Amino acid sequence: MAEPESEAPADAPLYLRVAAALREDLAHRRISPGSRLPSERSLSQRFHVNRQTVRSALQLLRDERLVVTDRRGTFAAAGAGGEPVVPALAARRPTFPGGPRATEALVRASLTWEPPPTPLASRLLLAPGEPTLVHRHVVLGPQGTALQRAVSWFSRPALTEIPELSRYRRYRDSRQQPDLRLLYHWMHQAGLRITHRESVGVPPGPAATSAGGAARLFVHRVVSDQHGHALEITDIDFSAQSASWTYEFSA
């Protein structure tokens with residue numbers, strides 16, 4: 001695909017690379033707010049992909065509310081005052097911790113291949129001691145202190161059913177932070193109908209506050225498929241005073 005470099009990695013699926021290129025066009029006003037995008041046929045020719053790939057890319061941009069489609073075609077969305085609706089990557093919907101903005105100074109993300117805690121192994125359909133993909137995401141304060149920590153464990157079905165996730169089995173480059181911001185979209189593309197169940201609590205006793213005296217909250221998230229199999233289990237620990245936790249999802 002002969003296009004300028006974009007936010008999508010070179011080995012990303014074609015529809016993600018097409019979406020990234022169009023997102024760049026929208027962000028830099030090469031496609032102005034309210035104007036019509038080229039036809040699917042024209043986009044197929046531009047990116048040297050089939051029309052189904054273009055449709056998948058446009059659907060992703062619709063999910064992000066960057067474009068709208070009606071019987072006349074697909075148009076660049078416009079916000080108040082005619083400004084294009086191009087939200088920050090960290091705010092797009094739905095997202096997973098550790099997207100491209102993980103390269104910013106106050107956020108760090110990493111992937112490892114290791115066994116989950118013993119109580120989680122059976123829920124992830126793993127044998128005791130069997131390793132799986134583990135994602136860690138840390139938000140740091142100005143002094144380098146951790147304001148928020150998240151750790152996610154992925155199940156055997158997740159690594160089997162989601163091609164974009166399974167490719168991280170070969171992830172070895174610790175210099176680049178992993179980009180899993182489209183995880184829930186990948187689940188949808190794989191034909192998985194997902195449900196989220198979350199528990200929010202406060203640790204007992206002295207552990208209920210951080211070193212600075214701020215309240216601490218724990219969030220335990222389980223994402224399951226239509227068969228009730230866990231795909232992802234995430235634990236989030238954060239200071240309620242110095243870090244916020246915002247969660248938005250639509251199936």
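Everything numeric here is computed off the predicted structure, so don't read it as measured data.

Chemist: How do you make sense of the pattern of salt bridges when you look at a structure like this?
Modeler: Close approach of charged atoms allows side chains of opposite charge to pair. Evaluated as defined, the whole model comprises eight salt bridges. We note a salt bridge from Arg51 to Glu40, for which the minimum N-O separation is 3.5 Å. Placement of Arg51 in helix 3 (residues 51-63) and of Glu40 in helix 2 (residues 40-47) is noted, with a sequence separation of 11 residues between them. Accessibility expressed as a relative area gives 41% for Arg51, which makes it partly exposed. For Glu40, a relative accessible area of 23% translates into the label partly exposed. A single network of salt bridges, built from pairs that share partners, joins Asp25, Arg30 and Arg46.

Chemist: Explain the pairing of strand 7 (residues 216-224) here, please?
Modeler: In the case of a regular strand, side chains alternate between the two sheet surfaces. Alignment of strand 6 (residues 195-201) against strand 7, held across seven bridges, turns out to be antiparallel. When the sheet's bridge partners are listed, Glu198 is paired in strand 7 with Arg221. Linking two consecutive strands that pair antiparallel, namely strand 7 and strand 8 (residues 230-239), is a turn of five residues; a positive phi of about 85° is found at Gly228 within it.

Chemist: Teacher, can you tell me more about the packing of helix 2 against helix 3 here?
Modeler: How two helices sit against one another is set out by the angle between their axes and by the gap between those axes. At a minimum axis distance of 9 Å, the contact between helix 2 and helix 3 shows a crossing angle of 105°. Overall, the two elements helix 2 and helix 3 adopt an arrangement that is roughly perpendicular. Here helix 2 contributes Glu40, Arg41, Leu43 and Ser44 to the contact with helix 3, which in turn contributes Arg51, Val54, Arg55 and Leu58.

Chemist: Can you help me understand the nonpolar core in this one?
Modeler: A general feature of soluble globular proteins is that nonpolar side chains tend to end up buried together. One finds Leu165, Trp186 and Met187 to be the most contacted residues of the largest nonpolar core, which totals 38 residues. Ranked by residues supplied to this core, first place goes to helix 1 (residues 14-27) with seven residues. The residues touching Trp186, leaving out its near neighbours within four places in the chain, are Tyr15, Leu16, Ile162, Glu164, Leu165, Tyr168, Asp179 and Leu180. Among the nonpolar cores identified, the runner-up in size contains nine residues, and Leu126, Val134, Ala230 and Ile233 belong to it.

Chemist: When you look at the confidence of the model for the chain in this model, what are you seeing that I'm missing?
Modeler: A low pLDDT means the predicted coordinates there should not be read in detail. On average, residues of the chain score 77 in pLDDT, and 70% of them reach the 70 mark or higher. pLDDT under 50 marks residues 2-6. Its contacts with residues more than four places away, or in other chains, come to eight contacts. When the criterion is pLDDT under 50, residues 80-94 qualifies, and its contacts beyond four places in sequence or with other chains add up to 43 contacts.

Chemist: I'm lost on the sheet that holds strand 6 in this one. Help?
Modeler: Pairing between the strands of a sheet is mediated by backbone hydrogen bonds and can be parallel or antiparallel. With antiparallel pairing, six strands are arranged side by side in an open sheet as 3-4-5-8-7-6. Here the strands that pair on one side only, and so sit at the sheet edges, are strand 3 (107-114) and strand 6. Each strand of the sheet is rotated relative to its neighbour by a mean of 15°, with strand direction disregarded.

Rules used in this analysis
- Residues numbered from 1 in each chain as written.
- Predicted model: local features only at pLDDT ≥ 70, side-chain atom pairs only at ≥ 80, totals over all residues.
- Heavy atoms only, no water.
- Salt bridge = Lys/Arg side-chain N within 4 Å of Asp/Glu carboxyl O.
- Helix = DSSP H or I, 4+ residues; strand = E, 2+ residues; numbered from the N terminus.
- Buried < 20%, exposed > 50% of the residue type's maximum accessible area, 1.4 Å probe, protein only.
- Pairing = 2+ DSSP bridges.
- Axes fitted to C-alpha atoms, helices over the stretch in contact; angles between N-to-C directions.
- Parallel < 35°, antiparallel > 145°, perpendicular 65-115°, else oblique.
- Contact = heavy atoms within 4.5 Å.
- Core = buried A, V, L, I, M, F, W, Y, C linked by side-chain atoms within 4.5 Å.
- pLDDT = per-residue confidence, 0-100.

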